[in-house]
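# Coordinate inspection notes
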Amino acid sequence: SAPSFVQPVAVETELGYLETEFPVEMPRFAWTPPTANNVPAARFVYDFKMMRLIPGQEIYDAAERGAVAFQQLGLLTPSCMIPQNVVVSLKDSGTETFVVRVTARPAPGSPRVMMTNGGRSQIMVLKLNKEKGESEKDKE
């Protein structure tokens, strides 16, 4: 099976993707590792990607061809923490919605295994809410 997000907690939409608020205070993402029933010794590395959703763009298009806002490739554990300086940069970027996906692939030297959806997780959509009391920058 492909990885499945467990943190942050999200709800599944009718369209089949997950949706939640961007966890700016604790930007940690965690997922279940793939289950390889016939190959218990299989190990995986993970590619975590966060893409910007441009207004009018389809969620699935952004996940496949969107502009990368943040990525960590070759993670050895099923989690990713976004550094606070990156979170600040994302908050100031003007983008309000991000699409997140993690892809699992066999670690070097690990047996090859077939995975659901090519090892790609379900898509998670993050809505960035401006913090209360935050002064708006001059838009003039």
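Computed from a predicted model, the values in this text were never measured in an experiment.

### Regarding the sheet that holds strand β2 (residues 11-12)
If you walk across this open sheet you meet the six strands as β2-β3-β9-β8-β5-β6, and the pairing is mixed. Either end of the sheet is taken by a strand with one partner, and the two such strands are β2 and β6 (68-75). Sheet topology note: the β2/strand β3 (residues 18-21) ladder contains two bridges and is antiparallel. Looking across to β3, one finds that V11 is bridged to E19.

### So, the nonpolar core
Core analysis: the largest hydrophobic core is formed by 28 residues, its most contacted members being F5, F22, F29, W31, F48, M50 and I82. Residue assignment for this core shows that the elements contributing at least two residues are β4 (28-32), β5 (44-52), β6, α2 (84-91), β8 (97-106) and β9 (124-127). Apart from the residues within four sequence positions on either side, I82 is in contact with F22, P27, F29, F48, M50, F70 and V87. Core analysis: the next-biggest nonpolar cluster, separate from the first, contains eight residues, Y17, I59, A62 and A63 among them.

### Remarks on the sheet that holds strand β7 (residues 79-81)
The strand order β1-β4-β7 describes an open sheet built from three strands, whose pairing is antiparallel. Edge positions in the sheet fall to β1 (4-7) and β7, since each of these pairs with one other strand and no more. The sheet shows a mean angle of 25° between the axes of neighbouring strands, taken without regard to direction. As paired elements, β1 and β4 share three bridges and run antiparallel to each other. Note on β4: the bridge partner recorded for S4 is T32.

Procedures and definitions
Residues numbered from 1 in each chain as written. Predicted model: local features only at pLDDT ≥ 70, side-chain atom pairs only at ≥ 80, totals over all residues. Heavy atoms only, no water. Pairing = 2+ DSSP bridges. Helix = DSSP H or I, 4+ residues; strand = E, 2+ residues; numbered from the N terminus. Core = buried A, V, L, I, M, F, W, Y, C linked by side-chain atoms within 4.5 Å. Buried < 20%, exposed > 50% of the residue type's maximum accessible area, 1.4 Å probe, protein only. Contact = heavy atoms within 4.5 Å. Axes fitted to C-alpha atoms, helices over the stretch in contact; angles between N-to-C directions.

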